[in-house]
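Listed here are the chains, written in short residue letters.
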Amino acid sequence: MKIEHNVSLKPYNTFGIDVVAKHFVTISTLEDLKAVLELESYPKKLILGGGSNILLIKAVDALVILIRIKGISIISKTEDTVLVKANAGENWHEFVLWTLSQDFGGLENMSLIPGNVGTSPIQNIGAYGVELKDTFESCEAINLATKSITTFKKEECEFGYRNSIFKQHAKGQYIITSVTFKLTTKNHILHTNYGAITAELNARQITSPTIQDVSNAIIAIRQSKLPDPKKIGNSGSFFKNPVVDKAVYLHILNQFPDVPSYPVSETQVKIPAGWLIEKAGFKGKRLGNYGVHKNQALVLVNYGGATGTEILRLSEIIQATIQRIFNISIESEVNIL
Ligand code: EPU
């Protein structure tokens, strides 16, 4: 375990923002993590996982702790399910590919989501009709105050749309060190109703898809819409899809009969923020070396060399414009640091 100083965080955030961390350490074991948390000479600490959900707007005046604790193990099996535990530092997509190589079902719709296993429960990652909570069994986390390990069962995590206890009242109090998933070993339950998946499977002439087929279709869909952070810096969806009162929705529907929506309750609907941003004229807009992605308006991009402040300012302009045109407030999904 080696503490370095004045380290660029550019390789460690998918937006590719070049800011410096005052102190920096890579952690690959639980023992080292406990030891580093005890270090009183570095009172300010920032935990970094895959760096796929942050926008860095200034130098980090803290000890950045990069979690790279690896390892996947099978905890137990029943006739048709398996409990798999993955340590926090495993790359999410590589873990999904490993589950598919074992023919374990449940994570295939979440193929190619950037980030690491340890941060996946924080915002209850999700895509194409499936959320992390659907296969989540439990997670282990270090309590930063007591340094003891606590297990959180699913019910205790208070999962919601891009939300959990770790973003609410337990925020900043724990470091997730491993996540256990309950996956299927046979009779896999496929979620292929999402329009784009059906179309992709049809195009591939696949009528009875395997979990591998579903994963391949999702990978193709994501690659066609979402920029690869290795090539163009981005953080996936920058905003959450807003939930609005039906009256607000009906008002928009009156003006724009093509507005997409998903029912949430008797009185509320969710409207895709990407649609609102596109209608407001931002899709594909480029301001020098940053802008709004051309294939998915929900994604802000850094073409190289942009600052976090520039991207933040663009996001605020988008929010203000959506508020003015549609009277809807859209909330950032990304953590601004
Ligand atoms: N849309 C537009 N213009 C755009 C983008 C989208 O009109 O520029 C419309 C689409 O035509 C479609 C609707 O909005 O009718 C939904 O679009 P899409 O299926 O691409 O999904 P999304 O709601 O924009 C969410 C997640 C994504 C996830 C996809 C697929 C959020 C904030 N985002 O996006 O998650 O991959 O669904 O399930 O919920 C992420 O969180 O980083 C992320 C990429």
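Criteria and cut-off values
- Residues numbered from 1 in each chain as written.
- Predicted model: local features only at pLDDT ≥ 70, side-chain atom pairs only at ≥ 80, totals over all residues.
- Heavy atoms only, no water.
- Helix = DSSP H or I, 4+ residues; strand = E, 2+ residues; numbered from the N terminus.
- Near = heavy atom within 4 Å.
- Polar contact = N/O pair within 3.5 Å; in protein donor to acceptor, adjacent residues only side chain to side chain.
- Areas by Shrake-Rupley, 256 points an atom, 1.4 Å probe, with all protein chains shown as cover.
- Nonpolar A, V, L, I, M, F, W, Y, C, P; charged D, E, K, R; others polar.
- Disulfide = S-S within 2.5 Å.
- Buried < 20%, exposed > 50% of the residue type's maximum accessible area, 1.4 Å probe, protein only.
- Domains from an automatic or database assignment.
- Contact = heavy atoms within 4.5 Å.
- Buried area = accessible area lost by both parts, 1.4 Å probe.
- Salt bridge = Lys/Arg side-chain N within 4 Å of Asp/Glu carboxyl O.
- Axes fitted to C-alpha atoms, helices over the stretch in contact; angles between N-to-C directions.
- Parallel < 35°, antiparallel > 145°, perpendicular 65-115°, else oblique.
- Pairing = 2+ DSSP bridges.

**Some points on the environment of Thr-29**
Phase 1 of the analysis: Following the sequence through the fold, Thr-29 ends up in the loop between strand E2 (20–27) and helix H1 (30–38).
Phase 2 of the analysis: Taking the C-alpha atoms as reference points, Thr-29 and Lys-70, separated by 41 residues in sequence, lie 7.9 Å from one another.

**A closer look at the site of the ligand**
Phase 1 of the analysis: Tyr-128, Tyr-161, Tyr-194, Glu-278 and Ala-297 are the nearest of the 23 residues found near the ligand.
Phase 2 of the analysis: With respect to the ligand, the side chain of Tyr-194 contributes an N or O atom lying 2.5 Å from an oxygen atom.
Phase 3 of the analysis: Between the ligand and the protein, one listed contact pairs a nitrogen atom with a side-chain N or O atom of Glu-278 at 2.6 Å.
Phase 4 of the analysis: Surface burial for the ligand is 83%, taken as the share of its 810 Å² of free accessible area covered by protein chains.
Phase 5 of the analysis: Listing elements by their share of the shell around the ligand, those giving two or more residues are helix H4 (211–225), strand E13 (233–237) and helix H6 (273–279).
Phase 6 of the analysis: For the shell around the ligand, the element with the highest residue contribution is H6, accounting for three residues.
Phase 7 of the analysis: Residues of the shell around the ligand, tallied by class, amount to eleven nonpolar, five polar and seven charged.

**Description of the state of the cysteines**
Phase 1 of the analysis: Scanning the model with the defined rule gives zero disulfides in all.
Phase 2 of the analysis: The closest cysteine sulfur to the non-disulfide-bonded Cys-139 is located on Cys-157, 4.6 Å from its own sulfur.
Phase 3 of the analysis: Residue Cys-139 is classed as buried on the basis of its relative accessible area, which comes to 1%.

**A look at the domain arrangement of the protein**
Phase 1 of the analysis: Splitting the protein by domain gives domain 1 (4–67), domain 2 (72–225) and domain 3 (233–336).
Phase 2 of the analysis: For domain 2 versus domain 3, the separation of C-alpha centres amounts to 25 Å.
Phase 3 of the analysis: Taken together, the contact pairs seven residues of domain 2 with eight residues of domain 3.
Phase 4 of the analysis: When domain 2 packs against domain 3, close to 680 Å² is buried across both sides, 36% of that on carbon and sulfur atoms.
Phase 5 of the analysis: At the surface where domain 2 touches domain 3, the tally comes to one salt bridge.

**Description of the environment of Gln-102**
Phase 1 of the analysis: With respect to the element layout, Gln-102 can be found in the loop between helix H2 (92–101) and strand E8 (126–127).
Phase 2 of the analysis: According to the relative accessible area criterion, Gln-102 is partly exposed, its value standing at 35%.
Phase 3 of the analysis: Considered as a pair, Gln-102 and Thr-185 are 83 residues apart in the sequence and their alpha carbons are 8.4 Å apart.
Phase 4 of the analysis: Polar side-chain contacts of Gln-102 include one of 3.4 Å to the side chain of Ser-101.

**Points about the packing of helix H3 (residues 195–203) against H4**
Phase 1 of the analysis: Running from N to C, H3 and H4 cross one another at 110°; their axes reach a closest spacing of 9 Å. It follows from the interaxial angle that H3 and H4 lie roughly perpendicular. Mapping the contact onto sequence places Ala-196, Ile-197, Glu-200 and Leu-201 in H3 and Asp-213, Ala-217, Ile-218, Ala-220 and Ile-221 in H4.

**Quick notes on unusual backbone geometry**
Phase 1 of the analysis: Within the chain, Asp-103 stands out as a residue other than glycine whose phi angle is a positive 60°.
Phase 2 of the analysis: Take Asp-103: it is sitting in the loop between H2 and E8.
Phase 3 of the analysis: For Lys-147, which is not glycine, the phi dihedral falls at a positive 65°.
Phase 4 of the analysis: Secondary-structure assignment places Lys-147 in the loop between strand E10 (136–143) and strand E11 (149–153).

**Comments concerning the pairing of strand E7 (residues 81–87)**
Each regular strand carries side chains that alternate between the two faces of the sheet.
Phase 1 of the analysis: Burial within E7 is extensive, with six of its seven residues counted as buried.
Phase 2 of the analysis: In this sheet, E7 lies alongside strand E6 (residues 72–77) in antiparallel orientation, the contact comprising five bridges. Looking across to E7, one finds that Ser-76 is bridged to Leu-83.
Phase 3 of the analysis: Turn length for the E6-E7 hairpin, with the two strands adjacent in sequence and antiparallel, is three residues.
Phase 4 of the analysis: As paired strands, E7 and strand E12 (residues 174–184) are joined by seven bridges and run antiparallel to one another.

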